[in-house]
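Letter by letter, the chains look like this.
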Amino acid sequence: LVRISMGPNEETFKICVEFWQTFSARVYLQNQSPSFGAMGAGAPLLMDGMRRDANQQRERLKLYAPLLAEVRQVLISKMVKPPEVTIKENEEGHIVRVEEEDTDELALYKMMREALIYLTHLDPEHMENLVLQRVAHECLERKDTLERWCPTMLNHLCWAIGSISGAMQESEEKKFVVSVIRDLLKLCDLKKGKENKAAVASNIMYVVGQYPRFLKAHWKFLKTVIFKLFEFMHETFPGVQQMAVDTFLRICQKCKKKFVVQQSQEPAPFIETIPQHIAQDISELEHLQICTFFEAVGHMISAAHVEQKGRLISLNLALFNEKWQSILQGLSATGSLENFVQNHQVLREISLILRVNERMVVAVGTACHAQLANIYCDMLKIYKVCSDFISHSTAQQGVQVMNFSNVRLLRNVKRDTLRLVRSFLDAADADSAAEIAQRFVPPLLEPVLADYRSNIPQARDAEVLDLLAVLATRISASISQEVGRIFEMVLECTCDMIKGDFQSYPDHRVKLYDLLKAINAHCFQALFYLPEAQVKLYVDSLIWAMKHEQPQVADSGLQVLSEFLQKLLTSTPSTMNVAFFKQYYFLILQDVLCVLTDTSHKSGFKLQQHILLQLIVAVENGTLAEAAPKKQVMEFLFNLIGKSFPTLNQSQVEIFVLNCFNKSRQPAEFQQHIRDFLIQLKEWGSHESALYEADRQAAQDEQQQLDRQLRMQVPGLIPQYDASRQEEMDDL
């Protein structure tokens, strides 16, 4: 099988890798302890399942040792590209930027990575020696072939080195990483030509990014790596700059505390020295890369003491604050808005400044309060200028102006403004929410709502809905007073945009229901002070969402409706219940049954039957005796189902309706009753398995959780930048 693994056929190799992954895992797990190994499930062809003592396990491992040594060599030689690497060698042998991710390659990488980690645990000394010998050969022993050097083997080798991060003991890892990085840095200096340098640079960045534990323990090495990344940010070969800023961000996330404390033999904390060369570091980066750079700096600042954060933010954003003031002075000097809205370069600079501030807010949070306050009023003025110009242009020339380059740039400025405020509000804690509600929200709300309503549909920004949802979530006490105005200015016109079909304005559809969900969760009482027309629009929008062909929208509508009914039935006075359900009970009941029996909406079965259960339970326990008497509801269901499904006889319909009420106090039995009825209808045909999708998903989630618990017990198996490792990897 090892010989077959060496063959050129890709499909055969994938099958072999799958075997080696499973085989090495079982050998490792059973070598740890028989009971631990049994957790991995049994495959009788691989292990016979017998319990053995420690001596038998060691003997068995010795027997496998020569075989596993060969497997290590094969997997290292054929290691595939990890997702973090944005540069690769194409079929013609040229180094190029990766434009899109290969899902097959990613799946193969994950299997090979896990196999190499288990193989490292089984014999770390052999793995270390094998890798170091190959690195020395690639970097130091092939000096005579520099002109004909091909990076293919080095790529595979470095990808394998990065993939086994965390699998060695910390002391062994230190020697290993120092040796590897030192040789790679020497090779980078030796190589000539942009392609070769780019290939080596990508390997250096990948390897150093995968060993944050080592970098945190060795400041001088960390500092050297950061300056090397700054150097790579000037390398214009496609893909190198992007990988440099991405690696910089990942390292800053993991090692942030090292940059805000003064290290030995350093004149000041690293974060305070960055402004001295920040203009040079970002001089050749694209705008999105600059945003990533400042997000990384923001993560550094987030580790500083609270009283230091504001000063550090101002210090590191000084370059953009000066540029902002320069732009404002230029606008004041010319006094001509016409020049401003036609000046593409100024619009791009404003957009970049807003994006950089937004990335800083995401990383640092409410410590950006003073920074945002400095630009807030002027930012809103610019927002209004952009809005007025777009509105005026569309009124005069129609929808065609939306394709003009300056209008697109103006819309970018508007969106960046909304995203910045949204991120700041989203980062707000309970202590700062009150001040934000008083200082930042009032001057923002009126121009944003008025602009959204007055613009043509094509000019309305979905980010407005996103911002309002965050407002409802974070400062619900203040925004509850504005719910009526929000519905009037936003809900009505957005519903008009999206109700004509199921395809247009997809972002607005999703974000509208996120807004309704936030209002329902945090501003529920405000809904009862709305005019009747707006309540009807609210209910109609939820019913319309249930019938949507896009599962994400349909599920959002069902979820909001379910939560709305739950709150209505449990936390509101009965007088309000009666008035509402008198008007809407039978309408909701009819539409829920409609989508429940329609195979086009099978993905929402769990929520659909839950809403039906809520409606029936409320009648069965007498809560809605005045608005929807039990007898009337049963007759309504009997007539509705009889008309909708004429193939059912009267007895079948009666049994279904009676059992809906009989089983309403046992949710599991009620759900099975609904399933049985839908299967009985024979409308579902081959779709019957969809009725059990929720149960299947729950079982799958449980299995994934068990697998994850097992993986957590194997050092290195959880990737370095997995979300579950964040606390574990925080600086001490």
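Residues numbered from 1 in each chain as written. Predicted model: local features only at pLDDT ≥ 70, side-chain atom pairs only at ≥ 80, totals over all residues. Heavy atoms only, no water.

A. Fine view of the overall build of the chain. Counting its secondary structure elements, the chain contains 36 helices and 2 strands. Expressed as a percentage of the 732 residues in the chain, the buried residues total 51%. Long-range pairs, those at least 24 residues apart, make up 74% of the contacts in the chain between residues at least 6 apart in sequence. (Helix = DSSP H or I, 4+ residues; strand = E, 2+ residues; numbered from the N terminus. Buried < 20%, exposed > 50% of the residue type's maximum accessible area, 1.4 Å probe, protein only. Contact = heavy atoms within 4.5 Å.)

B. The arrangement of the environment of Gly-484 in detail. Structurally, Gly-484 is set in helix H26 (residues 483-498). Apart from residues no more than four positions distant in its own chain, Gly-484 is found in contact with Leu-530 and Gln-534.

C. Summary view of the confidence of the model for the chain. With 89% of its residues at a pLDDT of 70 or more, the chain has an overall mean of 85. Put simply, helix H36 (residues 726-729) is where the chain has its lowest mean pLDDT, 46, and helix H15 (residues 287-302) is where it has its highest, 96. Low pLDDT, under 50, characterises residues 35-50; the predicted model gives this stretch 23 contacts beyond four residues in sequence or across chains. The low-confidence segment residues 727-732 (pLDDT under 50) makes 14 contacts with residues lying over four places distant or belonging to another chain. (pLDDT = per-residue confidence, 0-100.)

D. Spatial organisation of the environment of Ala-427. Tracing the sequence through the fold places Ala-427 in the loop between helix H21 (405-426) and helix H22 (430-439). Given the relative accessible area of 30%, Ala-427 is considered partly exposed. Spatially, the C-alpha atom of Ala-427 lies 5.1 Å from that of Gly-365, the residues being 62 residues apart in sequence. Ignoring sequence-local partners within four residues, the contact set of Ala-427 consists of Gly-365 and Thr-366.

E. Structural detail: the pattern of salt bridges. By the definition in use, this model includes 30 salt bridges. The shortest N-O distance in the salt bridge between Lys-223 and Glu-266 comes to 3.0 Å. With Lys-223 in helix H11 (residues 219-232) and Glu-266 in the loop between helix H12 (240-255) and helix H13 (270-273), the pair connects residues that are 43 residues apart, well separated along the chain. Look at Lys-223 and you get partly exposed, because its relative accessible area is 25%. We note a salt bridge from Arg-485 to Glu-482, for which the minimum N-O separation is 2.8 Å. (Salt bridge = Lys/Arg side-chain N within 4 Å of Asp/Glu carboxyl O.)

F. Representation of the packing of helix H20 (residues 369-397) against H21 in the model. Following both chains from N to C, one finds H20 and H21 inclined at 145 degrees, their axes separated by 10 Å at the closest point. The two elements H20 and H21 cross, and the hand of that crossing is left-handed. For the pair formed by H20 and H21, the contact residues are His-369, Leu-372, Ile-375, Tyr-376, Met-379, Ile-382, Tyr-383, Cys-386, Ser-387, Phe-389 and Ile-390 on the first element and Asn-406, Val-407, Leu-410, Arg-411, Val-413, Lys-414, Thr-417, Leu-418, Leu-420, Val-421 and Phe-424 on the second. In the contact of H20 with H21, the residues fall into 16 nonpolar, 4 polar and 2 charged. (Axes fitted to C-alpha atoms, helices over the stretch in contact; angles between N-to-C directions. Left-handed = near helix turned anticlockwise from the far one by under 90°. Nonpolar A, V, L, I, M, F, W, Y, C, P; charged D, E, K, R; others polar.)

G. Here's a closer look at the nonpolar core. In this structure, Phe-248, Ile-251, Phe-259, Phe-293, Phe-294 and Tyr-585 are the most contacted members of the largest nonpolar core, which totals 244 residues. Per-element accounting of this core gives the leading share, 12 residues, to helix H30 (residues 574-596). Residues contacting Ile-251, with those up to four places away along its chain left out, are Val-208, Gly-209, Leu-215, Leu-222, Val-225, Ile-226, Leu-229, Lys-256, Phe-259 and Tyr-721. (Core = buried A, V, L, I, M, F, W, Y, C linked by side-chain atoms within 4.5 Å.)

H. Region of the structure containing the packing of helix H23 (residues 441-454) against helix H24 (residues 462-474). Where H23 meets H24, the axes come as close as 11 Å, and the angle between the chain directions of the two elements is 145 degrees. In this structure, H23 meets H24 at a crossing whose hand is left-handed. In this structure, H23 contributes Val-441, Leu-444, Leu-445, Val-448, Leu-449 and Tyr-452 to the contact, and H24 contributes Val-464, Leu-465, Leu-467, Leu-468 and Leu-471. Across the contact of H23 with H24, the residue classes break down as 11 nonpolar, no polar and no charged.

I. Up close: the side chain of Thr-494. The topology assignment puts Thr-494 in helix H26. If near-sequence neighbours (up to four positions away) are discounted, Thr-494 is found in contact with Tyr-452, Leu-465, His-508 and Leu-512.

J. Seen up close, the side chain of Glu-266. With relative accessibility at 17%, the residue Glu-266 sits in the buried group. Glu-266 has contacts with Trp-219 and Lys-223, leaving out every residue within four places of it along the chain.

K. Geometry of the packing of aromatic side chains. Tallied over the full model, the rule gives 29 aromatic pairs. Geometrically, the ring pair formed by Phe-214 and Phe-221 is edge-to-face, given 5.1 Å between the ring centres and 75 degrees between the ring planes. Residue Phe-214 is classed as buried on the basis of its relative accessible area, which comes to 3%. Here Phe-221 falls in the buried class, since its relative accessible area comes to 19%. Summarising the aromatic geometry, the rings of Phe-230 and Phe-248 are spaced 5.4 Å apart at their centres and angled 70 degrees between planes, so their arrangement reads as edge-to-face. Of this pair, Phe-230 sits in helix H11 while Phe-248 is found in helix H12, placing the two residues 18 residues apart along the sequence. By relative accessible area, Phe-230 is classed as buried at 3%. Each member of the aromatic cluster is reached from another via a ring pair, and the members are Phe-487, Phe-524, Phe-528, Tyr-538, Phe-564, Phe-580, Phe-581, Tyr-584, Tyr-585, Phe-586 and Phe-636. One residue, Lys-78, lies across the ring of Phe-13, its end atom 4.3 Å from the ring centre. The ring of Tyr-452 has Arg-460 lying over it, and the distance from NZ or CZ to the ring centre is 5.8 Å. (Phe/Tyr/Trp six-rings, centres within 6.5 Å; stacked < 30°, edge-to-face > 60°. Lys NZ or Arg CZ within 6 Å of the ring centre and 35° of its normal.)

L. Spatial organisation of helix H2 (residues 10-32). Its 23 residues give H2 an end-to-end C-alpha distance of 33 Å, which sits within 8% of 33 Å, the value for a rise of 1.5 Å per residue. Measuring from the backbone nitrogen of Glu-11 back to the side-chain oxygen at the start of H2 gives 3.0 Å, which picks out Asn-9 as the cap. (Expected span 1.5 Å × (residues − 1). Polar contact = N/O pair within 3.5 Å; in protein donor to acceptor, adjacent residues only side chain to side chain.)

M. Expanded view of unusual backbone geometry. One non-glycine residue, Gln-265, adopts positive backbone phi at about 65 degrees. For Gln-265, the location among the structural elements is in the loop between H12 and H13.

N. Highlighting the environment of Ala-526. For Ala-526, the location among the structural elements is in the loop between helix H27 (506-522) and helix H28 (532-546). Note on Ala-526: relative accessible area 10%, which makes it buried. Sequence separation of Ala-526 and Ala-477 is 49 residues, and the distance between their C-alpha atoms is 9.9 Å. Not counting residues within four places of it along the chain, the set of residues in contact with Ala-526 comprises Ser-480 and Val-483.

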